[in-house]
Amino acid sequence: MSVYSVAVDGPSGAGKSTLSKAVAQELGIVYVDTGAIYRSIGYYIFKMGIDPKDVGAVVGALPMIRVDMRYSEDGMQHMLLNGEDVTEKIRLPEISMYASAVSAIPAVRDYLLDMQRDMAKRCSVIMDGRDIGTVVLPQAQVKIFLSADVEVRARRRTAELEQRGTPKPYAQVLEEMKERDWADSHRETAPLRPAEDAVVVDTTNMDFQQSKEAILQVIGRQLQL
Ligand code: DC
């Protein structure tokens, strides 16, 4: 097969990025983290002190924002915001809600659509997000919807934050995750939902290796490798 796309959607904390990264490495394809693009916009809005729910103000700021993606030798995706590398900064916990809020604005989604589609035209990708199988790449050869119970996702995220040196209590992580799940799946534009032809992979009772195998199996089956 020449160029193909794998769309991976699902709620936050389902393991999309870690798993997609590992699968990309195994298959020798490019991993595109679309959440990082929304986070970059969210970071700009945060830095400028703009209310992320103020649609007019966010839309007004868009012409001032240039987001670029670069890949380093090791395949790591770097985000450039008006030329500044913000790869680390966009992971700050307070940016999550900003990203979620700006991602609900249709003009923001339109603004980022071509950038995401262009990536998939150039090479084979595994792209993760919330609307990749439904809106960004409806023609993707493989569509996976990755899910897990919210308690399990919150536990994984709590461990990840602790490892990163920015710990947060489990109860707070759980509350925020529920809030973001609700916002991401109830917004009017491109809400989080499985595409009709997506294969649902529930990782609640799977460890990393099992989840990775499950994804590789779906890809192998769909591409008839
Ligand atoms: O995957 P993430 O947590 O880094 O994403 C941050 C936010 O961006 C998330 O709350 C929803 C939004 N998002 C989106 O709306 N569509 C995407 N394709 C990816 C992310």
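Let me sum up the structure you'll find in this document.

Conventions adopted
- Residues numbered from 1 in each chain as written.
- Predicted model: local features only at pLDDT ≥ 70, side-chain atom pairs only at ≥ 80, totals over all residues.
- Heavy atoms only, no water.
- Helix = DSSP H or I, 4+ residues; strand = E, 2+ residues; numbered from the N terminus.
- Rg over C-alpha atoms; globule rule 2.2 N^0.38 Å.
- Buried < 20%, exposed > 50% of the residue type's maximum accessible area, 1.4 Å probe, protein only.
- Areas by Shrake-Rupley, 256 points an atom, 1.4 Å probe, with all protein chains shown as cover.
- Lys, Arg positive; Asp, Glu negative; His and termini not counted.
- Charge placed at Lys NZ, Arg CZ, Asp CG, Glu CD.
- Polar contact = N/O pair within 3.5 Å; in protein donor to acceptor, adjacent residues only side chain to side chain.
- Contact = heavy atoms within 4.5 Å.
- Pairing = 2+ DSSP bridges.
- Axes fitted to C-alpha atoms, helices over the stretch in contact; angles between N-to-C directions.
- 1 Å grid on protein atoms, 1.4 Å probe; cavity = no way out; pocket = protein on both sides within 12 Å on 5 of 7 lines; lining within 4 Å.
- Points joined across faces, edges and corners; volume = space filled by probe spheres on them.
- Nonpolar A, V, L, I, M, F, W, Y, C, P; charged D, E, K, R; others polar.

### Looking at the overall build of the chain
Step number 1: Secondary structure summary: the chain contains nine helices and eight strands in total.
Step number 2: Here the C-alpha radius of gyration of the chain, 17 Å, is about what a compact globule of 225 residues would show, namely 17 Å.
Step number 3: Along the first, second and third principal axes, the C-alpha atoms of the chain reach 50 × 40 × 35 Å.
Step number 4: Sorting the 225 residues of the chain into buried and exposed places 51% on the buried side.
Step number 5: In the structure as shown, the chain presents an accessible area of about 11,100 Å², 51% of it carried by carbon and sulfur atoms.
Step number 6: Of the side-chain charges in the chain, 27 are positive and 32 negative, and the distance between the mean point of each set is 1 Å.

### Notes on the side chain of Ser 124
Step number 1: Along the polypeptide, Ser 124 turns up in the loop between helix H5 (106-122) and strand S6 (125-129).
Step number 2: Separated by 3.0 Å, the side chain of Ser 124 and the backbone nitrogen of Tyr 4 make a polar contact.
Step number 3: Non-local contacts of Ser 124, meaning those with residues more than four positions away in its chain, are made with Ser 2, Val 3, Tyr 4, Ile 29 and Val 30.

### A word on the pairing of strand S1 (residues 5-9)
Step number 1: Counting buried positions along S1 yields five of five residues, so the element is predominantly enclosed.
Step number 2: Where S1 lies against strand S7 (residues 142-147), four bridges are found, and the strand directions are parallel. Paired with Asp 9 across the bridge in S7 is Phe 145.

### Digging into the sheet that holds S7
Step number 1: Ordered in space as S2-S6-S1-S7-S8, the five strands form an open sheet in which the pairing is parallel. Each edge of the sheet is formed by a strand with only one pairing partner; in this case those strands are strand S2 (30-33) and strand S8 (199-202). Between one strand axis and the next, the sheet turns by 20 degrees as a mean value, whatever way the strands run.
Step number 2: Here five bridges tie S1 to S6, and the two strands are oriented parallel to one another. Across the sheet, residue Ser 5 finds its bridge partner in S6, namely Val 125.
Step number 3: In the packing of H5 onto the sheet, contacts are made with S1, S2 and S6, and the angle to S6 comes to roughly 155 degrees.

### Concerning the layout of surface pockets
Step number 1: By volume, the second largest pocket is sized at about 270 Å³.
Step number 2: Taken together, 13 residues line the second largest pocket, and the ones lying closest to its centre are Lys 53, Met 97, Ser 100, Ala 101 and Ala 183.
Step number 3: Only helix H4 (93-103) and helix H8 (170-186) provide two or more residues apiece to the lining of the second largest pocket.
Step number 4: It is H4 that contributes the most residues to the lining of the second largest pocket, four residues altogether.
Step number 5: Partitioning the lining of the second largest pocket into residue classes produces eight nonpolar, one polar and four charged.

Keep in mind that these numbers describe shape and distance, not what the molecule does.
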